[in-house]
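Observations on the three-dimensional arrangement
Letter by letter, the chains look like this.
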Amino acid sequence: SSLLYMTSVLLLDEPPLMNGWIPFLGVALEYGKNPLEFLRSIQREYGDIFTCKIAGKYFTFVTDPFSYSAVFRQGRNLDFQKFALGFSRKVFGHADFNAPMYSGSYRDIHPIFRQTLQGPVLQQLISTMMENIQMVIRRDDSFNWVTEGLQRFVDRIMFEAGYLTLFGKEDEALVSGGGGRGAPQWLSMRQAMEDFHAFDKALPEMAAGLPIHLHLKAFRAREALAQKLHHRRLKRNKCLSALVERRIQAFDKMEELDEHGKARTHLCILWASQANTLPATFWSLYYMLRSPDAMRAAQAEVDRVLRESGHTPENLDKPVVLSKDQLDGMLVLGSIIEEALRLSSASIMIRVANEHFTFTLDSGKMVAIRKGDHIAMFPQMMHMDPEIYENPTEFKFDRFLDENGQRKTDFYKNGRKLRHFLMPFGSGVSECPGRFFAINEIKQFLTLTLCYYDMELQDPAMPPLTTDCTRAGLGILPPKQDISLRYRLRRWVPTH
Ligand code: HEM
């Protein structure tokens, strides 16, 4: 294959290379400041494919959305897991699942994502989430106006509800008030949320290569979270999700793993399920509250769906239960969420070349790719392209609705319809397996907060919040700072 490659290099060009000024770091500093602007400026100068040396590695960026499919078709030459598992091992400290001793059994573990997060089984997850969100809201007891950070409000409800939905609830008899063994569950969830944020905050530095041991606070937080996820504790919990139950069984069969090592693999799931969902929920609620039209349309949709499912929105006498079909049919909320995702997503998709090979762009241009190079796609460039999305920095709640109120899927560039136009969840083999659950849980959150609370931004005239781009590449960007929310309960949350 080397000979073949040498021949192809003689005939073909490699993509233009940006080395940057600083050896080793390459362009990391310029990239890190504002990746979108940085990549756009290189694209303007060098075209749709170019290589950047970032922190000692070569990343070849494919920026033309019509060429994305060509990357996804290169499954044989481009590996996803090698990079993803390597990164997650560094950050979460779990075993090296790329190593031959594990890779056989890990092959059986990966399909569990799809089997337990998609299709009919999703209904169970959704029902548990609906109960758990209402359980957390039920603890609020003020009919007077309260002020709290919007991010804080979202995080405290969604973190606890999401955590309990995947990892189950502690048995009441074993926590204080019952057997007196530990803190009440909500307090332990509050601590877990603090630990989660302490760990997550250090992630950009860890992604840039800083070993976690040098970040003592993040390391301690990670280990404290892992302690909660030891199998002996998880097995005592009620209502474990099928995802976690199946992973417990699978890891118990891997004799080489110790108990703490197994817990750290569950931590990956905790991170994957929360790190993007929390800021995505924040932006969905934030943009909805800022737009009177969005609020009106969302409230009308929520009231309609509640009525259709036998509730009286003005006078709820039982907890809200909605089926997956009903949530799927909430297209206004769907459009609000997709628009919020478009504006805040900055994921980077990375594949590693297994072999030297020739990559053909949509334009027909061919370039030589070297074994070991990283191919990267940064869909934020597409999400912010004014040719695809008119006034791309503006929130338009109905951007993803067509004239009949159905989901809009036709978006164009150069007069051609795009196959991939919105990619907050990635695409191809690495596409987020939790994406249906994620969209549904944000819809549930919006539905339930609209149903139980009166809410408004304390200062609606405040200039729009901006995203924190130091986390670009890691998914949904959080806001640079929090903003005050005023809310009050409209009614008690009924119990069964
Ligand atoms: C992977 C986005 C919520 C589970 C990913 C990836 C992205 C993503 C971009 C990586 C794709 C790539 O590398 O190409 C999001 C967003 C979410 C969300 C934007 C919320 C708005 C969730 C939830 C769960 C979840 C709720 C689980 C319950 C996973 C898992 C992976 C993953 C397990 C790794 C998949 C693999 O290794 O193949 N997600 N995600 N995600 N996500 Fe999500």
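Heads up: these notes are all about the structure in this document.

A look at unusual backbone geometry
Trans peptide bonds make up most of the peptide bonds, and negative phi angles are found at most residues other than glycine. You will see that C239, though not glycine, has its phi angle at about 60°, which is positive. By secondary structure assignment, the location of C239 is in the loop between helix 13 (231-234) and helix 14 (242-252). Not every positive phi belongs to a glycine, and N391 is a case in point at roughly 40°. Assignment of secondary structure puts N391 in the loop between helix 20 (380-383) and strand 11 (412-413).

Let's talk about the coordination of the iron atom of the ligand
From the protein, the iron atom of the ligand takes a single donor atom, C432 (SG), 2.3 Å away. With respect to the helices and strands, the residue C432 is situated in the loop between strand 12 (416-417) and helix 21 (435-452).

Some details on the site of the ligand
In the region of the ligand, 22 residues are neighbours, and H110, M349, F425, S430 and C432 sit closest. One nitrogen or oxygen atom from the side chain of H110 is found 2.6 Å from an oxygen atom belonging to the ligand. Within the side chain of S430, an N or O atom sits 2.4 Å from an oxygen atom of the ligand. For the shell around the ligand, the secondary structure elements donating two or more residues are helix 7 (111-117), helix 15 (259-274), helix 16 (277-290) and helix 21. With 3 residues, helix 21 is the single largest residue contributor to the shell around the ligand.

Quick notes on the pattern of salt bridges
Counted by the stated rule, this structure contains 27 salt bridges. R222 is the salt-bridge partner of E223, the closest N and O atoms lying 2.9 Å from each other. Each member of the pair, E223 as well as R222, is classed as buried. In this structure, E339 engages R342 in a salt bridge whose closest nitrogen and oxygen atoms are separated by 2.8 Å. One end of the pair is E339 and the other is R342, both in helix 19 (residues 331-344) and 3 residues apart, which spans about a single turn. For the pair formed by E339 and R342, the shared burial category is buried. By sharing partners, the salt bridges in this structure join K235, D252, E259 and K262 into a single network.

Reading the values: rules and limits
Residues numbered from 1 in each chain as written. Predicted model: local features only at pLDDT ≥ 70, side-chain atom pairs only at ≥ 80, totals over all residues. Heavy atoms only, no water. Helix = DSSP H or I, 4+ residues; strand = E, 2+ residues; numbered from the N terminus. Donors = N, O, S within 2.8 Å, 3.2 Å for Na, K, Ca; no water. Near = heavy atom within 4 Å. Polar contact = N/O pair within 3.5 Å; in protein donor to acceptor, adjacent residues only side chain to side chain. Salt bridge = Lys/Arg side-chain N within 4 Å of Asp/Glu carboxyl O. Buried < 20%, exposed > 50% of the residue type's maximum accessible area, 1.4 Å probe, protein only.

As far as function goes, none of this settles anything; it's purely spatial.
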